[in-house]
Amino acid sequence: MKALIIDTETTGLKEPEVIELAYAEITVEDLLVVSTSIVCTTTRYRSTKKIEYGAMAVHHILPESLEQCAASSTCKLPGEFEYLIGHNVDFDWALLGKPKGKRIDTLALCRYLWPECDSHSQSAMLYFLNGATEITKEILKGAHSAGTDVYICYRVLSYIVAKVNMTAPVTEEAFEALWVLSEKARIPSIMYFGKYKGIPIKDVPKDYCMWYSRQVDTDAYLLKAFQLAGKIK
């Protein structure tokens, strides 16, 4: 069994290319006894397109620092894995060629377990869960570098494990339980975008749901929510 926490930094939002990939293999024991560090591998890549200034302002990766790096097209995860973990993991998964494996989305889990939080971004969740302290601030100093974001995700994941009362002794089946919960959490109860953002799924007009279901680029989990609400077949 292999579980990886991953994060990427990219050229931007328009047809993004990966310019930094970080990943760390974790065990169930890593979640129960939270470490001040985990072994994280970080690699940078040379893109074929210009880095958008908006993206550069977030991750501060300069084009000149990538000149001697391998091409972005060579970016991939090491070997096979059973579980892939990340905050909005589908974004990174798609950029990496949609490799096989079960995805555990910490963003969906945070929205599901702590709906009262005003923001579910990874950094906001660490302040919420770890406390608005100098220690948390120090951890977040390197946020939006892929390696630091992997560690932040690891810390957030450890709080998720504590919230769902996963205690020792545990087995590798714990990752399967997290995946099952993640799949449940990814089916939204409230619209998260568009003209009906913030509206309960049950109150979204049926004609809108049917229109959305006919679009090319749809969210399978939102479609499932519409089906469960009787909005579409």
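Some details on the side chain of D105
Here is step 1 of the chain: Relative to the helices and strands, D105 is located in strand 6 (residues 102-105).
Here is step 2 of the chain: Within the buried set, D105 has no salt-bridge partner at all; the shortest N-O distance to an opposite charge, 4.2 Å, is to R186.
Here is step 3 of the chain: Not counting chain neighbours up to four residues away, the residues in contact with D105 comprise G86, H87, N88, V89, S182 and R186.

Here we look at the pairing of strand 5 (residues 83-86)
Here is step 1 of the chain: By the alternation rule, side chains of strand 5 split into Y83 and I85 and L84 and G86, which are all buried.
Here is step 2 of the chain: Judged from the three bridges that link them, strand 1 (residues 3-10) and strand 5 form a sheet pairing that is parallel. Paired with I5 across the two strands is I85, which belongs to strand 5.
Here is step 3 of the chain: Strand direction decides the pairing type here: strand 5 and strand 6, joined by four bridges, are parallel. Bridging across to strand 6, G86 finds its partner in D105.

Describing the pattern of salt bridges
Here is step 1 of the chain: Scanning the entire structure with this criterion turns up eight salt bridges.
Here is step 2 of the chain: A salt bridge links E176 to K102; its shortest N-O distance comes to 2.9 Å. Placement of E176 in helix 8 (residues 173-185) and of K102 in strand 6 is noted, with a sequence separation of 74 residues between them.
Here is step 3 of the chain: Among the salt bridges present, the one from R186 reaches E183, with a minimum N-O distance of 3.8 Å.
Here is step 4 of the chain: Its relative accessible area of 9% is what places R186 among the buried residues.
Here is step 5 of the chain: On the basis of relative accessible area, E183 is assigned to the partly exposed category, the value being 23%.
Here is step 6 of the chain: Here the residues in one salt-bridge network are D90, R103, E183 and R186, joined through shared partners.

Conventions adopted
Residues numbered from 1 in each chain as written. Predicted model: local features only at pLDDT ≥ 70, side-chain atom pairs only at ≥ 80, totals over all residues. Heavy atoms only, no water. Helix = DSSP H or I, 4+ residues; strand = E, 2+ residues; numbered from the N terminus. Buried < 20%, exposed > 50% of the residue type's maximum accessible area, 1.4 Å probe, protein only. Lys, Arg positive; Asp, Glu negative; His and termini not counted. Salt bridge = Lys/Arg side-chain N within 4 Å of Asp/Glu carboxyl O. Contact = heavy atoms within 4.5 Å. Pairing = 2+ DSSP bridges.

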